[in-house]
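Here is what each chain is made of, one letter per residue.
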Amino acid sequence: MTTFWWVMIVSGLATFAIRLSFILLIGEREVAPWARRALRLVPPAVLTAIIVPEMLLPGGELDVSLSNGRLLAGALAALVAWRTRNVVLTIVVGMVALWLFKAVLP
Amino acid sequence: MTSRFGQFIRGIQAELPILIGVVPFGMIYGVLALSAGIPPAAAQAMSAIVFAGSAQIVLTQLVVASTPALVMILTVFVVNLRHALYSASMAPHLQRLNPFFKLLLAYLLTDEAYAVTILHYEKVPAPDADCPEDDRRQWFFLGAGLALWSSWQLSTAVGIFLGAIVPASWELDFTLALTFIALVVPTLKDRSAQTAAATAGVVALLAFHLPYKLGLIAAALLGVGIGLLVERKALTQ
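Residues numbered from 1 in each chain as written. Chains lettered and ligands numbered in written order. Predicted model: local features only at pLDDT ≥ 70, side-chain atom pairs only at ≥ 80, totals over all residues.

Colleague: Help me out: how do you make sense of the packing of helix α3 (residues 42–56) of chain A against helix α10 (residues 191–206) of chain B in this one?
Modeller: For any two helices packed against each other, the geometry comes down to the angle between their axes and how far apart the axes lie. Across the interface, α3(A) lies against α10(B) with an axial gap of 7 Å and an inter-helix angle of 45°. Here α10(B) runs oblique to α3(A), going by the angle between their axes. Crossing geometry of α3(A) relative to α10(B) is assigned as right-handed. Between α3(A) and α10(B), the residues in contact are A:Pro44, A:Ala45, A:Thr48, A:Ala49, A:Val52, A:Pro53 and A:Leu56 and B:Ala193, B:Ala196, B:Ala197, B:Ala200, B:Gly201, B:Ala204 and B:Leu205, respectively. Considering only residue class, the contact of α3(A) with α10(B) consists of 12 nonpolar, 2 polar and no charged. (Axes fitted to C-alpha atoms, helices over the stretch in contact; angles between N-to-C directions. Helix = DSSP H or I, 4+ residues; strand = E, 2+ residues; numbered from the N terminus. Parallel < 35°, antiparallel > 145°, perpendicular 65-115°, else oblique. Left-handed = near helix turned anticlockwise from the far one by under 90°. Contact = placed C-beta atoms within 7 Å. Nonpolar A, V, L, I, M, F, W, Y, C, P; charged D, E, K, R; others polar.)

Colleague: Mind showing me how you'd approach unusual backbone geometry here?
Modeller: As a rule of thumb, non-glycine residues mostly have phi less than zero, and peptide bonds are mostly trans rather than cis. Even without being glycine, A:Arg85 reaches a positive phi, approximately 55°. Relative to the helices and strands, A:Arg85 is located in the loop between α4 (69–84) and α5 (87–104). Of note in the backbone geometry, B:Phe51 takes a positive phi value of approximately 50° without being a glycine.

Colleague: When you look at the nonpolar core in this model, what are you seeing that I'm missing?
Modeller: Soluble, globular proteins show a tendency: their nonpolar side chains are buried together. If you look at the biggest cluster of nonpolar residues, it comprises 98 residues, and the most contacted ones within it are A:Ala45, A:Ala49, A:Ile51, B:Phe180, B:Ile181, B:Ala200 and B:Ala220. Among the elements that take part in this core, helix α1 (residues 4–35) of chain B stands out by supplying 12 residues, more than any other. Composition of this core by domain shows at least three residues from each of domain 1 (4–173) and domain 2 (188–237) of chain B. When sequence neighbours within four positions are dropped, the list of residues in contact with B:Phe180 reads A:Leu47, A:Ile50 and A:Ile51. (Core = buried A, V, L, I, M, F, W, Y, C linked by C-beta atoms within 7 Å. Buried ≥ 20, exposed ≤ 12 C-beta atoms within 10 Å, placed from the backbone. Domains from an automatic or database assignment.)

What follows is the structure in structure tokens.
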């Protein structure tokens, strides 16, 4: 377990160094316009890259059938998010939908 | 601009809806860490030391698989590399702060704190260039970051205590995806953002089985790259 504590500490320092990197490095210099445009695209790209496998690869296997409750619940949640822009409502509708689909679907 | 305290409170308020997704996630991490054989003290400490949900959950999976220490550290590094992009995104807004504030906010720079803070920086205009000290938006960041930090530590503790009381069949881990869905949909305003998201989603699927979660990095870089190409095309037309 001593080794594991070192793994945690080094992992924590590495994570902190990543988060600090540009905040410390850029300093007074300006960020180029193309870099600013690129950075604006980071959240949609990263978040979608996390969401899509969660919905389409339950248990690591591709499932695009109607029996995939996570796919249906996620699609419904996206609709709610689009229409209402409400984070809480999106999560509640998504979870309730997942439980309902799981109860109904084979 | 509102006062420091006003900004701080607004940061907490903006973070509150996100916590609905974070709290179950923290509890799930606590449960998973214990079932992986990590002692309660170490499991709790990890939430303060690493302070990154998906990396922490990946770490518990690696402990179960008896992965060598160096590979564990490398995996956390790769899973958390996306934070460099957040760091670059926040850097221009934070450059006039003192070093202590920079260190503190860098420690608090998680997916969830970044998501609400960058939206705040985009919505609330910067004050006059003549008196940049009027910009108090860093207090919003601090409020959002501390709200997330406290609830992450508390929900980890609850997860450790509850152990396996919440059955896995409830699939509460799906709240992570739902939280991100709620955050990503409002960012899909134009063609380039939509292209970036669509590309990243497809690449993430195709590259899911790459080792060390490299698929996530590949998806993000390709998504941003293709999105930029679409944007350049729109600009030159």
